[in-house]
Amino acid sequence: MKKLLSYLTITMMAFVIASCSNNDEPLFNAVSETSDFEVITLSDSPATRSTGEYSASQILKFKDQAAFDRTLAKVKEMDDSSKRAFFNEIGFDGAYMLLDKADEELDHAFDLAEATDSITGVKIIRDCVAKYDGILKFSDTDLSDVTPCLPFKDEKAELLGNNEGKIMIGNQLVAPQAAPGPVYNGGFIKYKAEVKVKNGKYTSYFRLGRIGQNMAFELETYRRIVGIKKSDKKCCYDGDLEISGNGKFEKARIHNGKGAWKLYSLASVYSPRVNMKMTNFSSTRNSNNKVSKTITNILVQ
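Read on for an overview of the structure.

Parameters at a glance
Residues numbered from 1 in each chain as written. Predicted model: local features only at pLDDT ≥ 70, side-chain atom pairs only at ≥ 80, totals over all residues. Heavy atoms only, no water. Phe/Tyr/Trp six-rings, centres within 6.5 Å; stacked < 30°, edge-to-face > 60°. Buried < 20%, exposed > 50% of the residue type's maximum accessible area, 1.4 Å probe, protein only. Lys NZ or Arg CZ within 6 Å of the ring centre and 35° of its normal. Salt bridge = Lys/Arg side-chain N within 4 Å of Asp/Glu carboxyl O. Helix = DSSP H or I, 4+ residues; strand = E, 2+ residues; numbered from the N terminus. Contact = heavy atoms within 4.5 Å. Axes fitted to C-alpha atoms, helices over the stretch in contact; angles between N-to-C directions. Parallel < 35°, antiparallel > 145°, perpendicular 65-115°, else oblique. Left-handed = near helix turned anticlockwise from the far one by under 90°. 1 Å grid on protein atoms, 1.4 Å probe; cavity = no way out; pocket = protein on both sides within 12 Å on 5 of 7 lines; lining within 4 Å. Points joined across faces, edges and corners; volume = space filled by probe spheres on them.

### Digging into the packing of aromatic side chains
The description of an aromatic ring pair uses the distance of the two centres, along with the angle that the planes make with each other.
Next up, step 1: Evaluation of the coordinates by the stated rule reveals 10 aromatic pairs.
Next up, step 2: Arranged with centres 5.1 Å apart and planes meeting at 55°, the rings of F86 and F87 form a pair that is tilted.
Next up, step 3: Of the residues examined, F86 reaches a relative accessible area of 2% and is grouped as buried.
Next up, step 4: Sitting over the face of the ring of Y222, K229 holds its NZ or CZ atom 4.7 Å from the ring centroid.
Next up, step 5: Residue placement shows R285 over the ring face of Y202; its charged tip is 3.9 Å from the ring centre.

Quick look at the structure:
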């Protein structure tokens, strides 16, 4: 009987230890997966040596396309904290970490600017922007917008590319490709219809308007101080939209939405005025903070 109890005790202890180990295991163990990729410099690669392009830039080299696809899928599933931990663990300072660092430094500059006078505050922010000038992109059309952006638009390269968005698969050097997206005639024209939700120092906005001849909406999150604005480009949005007028209506479910989007309805069918109902509008800065709002008699422009 004592032997049986001892056996059961040891078995239970082993089960508890195994359970704790599984719970503590990270979503993606970078060390165990390094056979799929390695961190090299471009000057180490056969592709750059053969073309005579020598560069000390870091790059992730994947053994094949399947290894790249596998790694990309796993990194996509991570939250921002897990992504940072993963890249730190493998020792890779690529596009993701560059933008993350600039974003963090600008947030700190905004915090410092809030604690001083406006002239000093502007200088603190502008000095931070100057540090990344020529490395990252900033708005060419709105000089008050200091939101940092990578110099390319390719979701895969933004995650796994180096500072130039380059990735190596096998011995092939892959440059960033422009991701396909909606192409609209004309920019977003804002109506006097806005829903906002504040989360800390950032405020998220839903705005109704039109793009070309179609009804449309725009989603944005930013903070502003001394006339300078910094957006959160990672932010996504949820909500249920309904517009109506002249016996017409349209519903749209927003899930993980970003940017500006056309609706199916032509603006002219609601003219001269449209009604809007937004239910449970929220952003990923705090998905539990939801706002609902109804606005009537919105002038259609």
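### What to know about the pattern of salt bridges
Side-chain pairs of opposite charge can arise whenever the charged atoms involved come near each other.
Next up, step 1: With the rule as written, the count across this model stands at 21 salt bridges.
Next up, step 2: Within this structure, D103, D107, D111, E114, K201, R223 and K230 form a network of salt bridges that share partners.

### A few points about the environment of Y202
Next up, step 1: Residue position: Y202 is located in strand β6 (residues 202-211).
Next up, step 2: Separated by 21 residues in sequence, Y202 and R223 place their C-alpha atoms 4.7 Å apart.
Next up, step 3: In this structure Y202 touches D107, V197, T221, Y222, R223, K230, S231, D232 and R285, once residues within four positions along its chain are discounted.

### Description of the packing of helix α4 (residues 80-90) against helix α5 (residues 95-114)
Next up, step 1: As a packed pair, α4 and α5 sit with axes 10 Å apart at the nearest point and diverge in direction by 120°. With respect to α5, the element α4 is oriented oblique. Here α4 and α5 pass one another in a crossing that is left-handed. Together, D80, K83, R84, F87 and N88 of α4 and Y96, M97 and D100 of α5 make up the contact between the two elements.

### Observations regarding the layout of surface pockets
Next up, step 1: In this structure, the second largest pocket encloses a volume near 150 Å³.
Next up, step 2: Along the walls of the second largest pocket sit F217, E250, K251, A252, R253, I254, G257, W261, K262, L263 and Y264, which together make up its complete lining.
Next up, step 3: Sorting the residues of the lining of the second largest pocket by element identifies β10 (248-257) and β11 (259-266) as the ones contributing at least two each.
Next up, step 4: In terms of residue count, the dominant contributor to the lining of the second largest pocket is β10 (six residues).

All we've got here are geometric facts, nothing functional implied.
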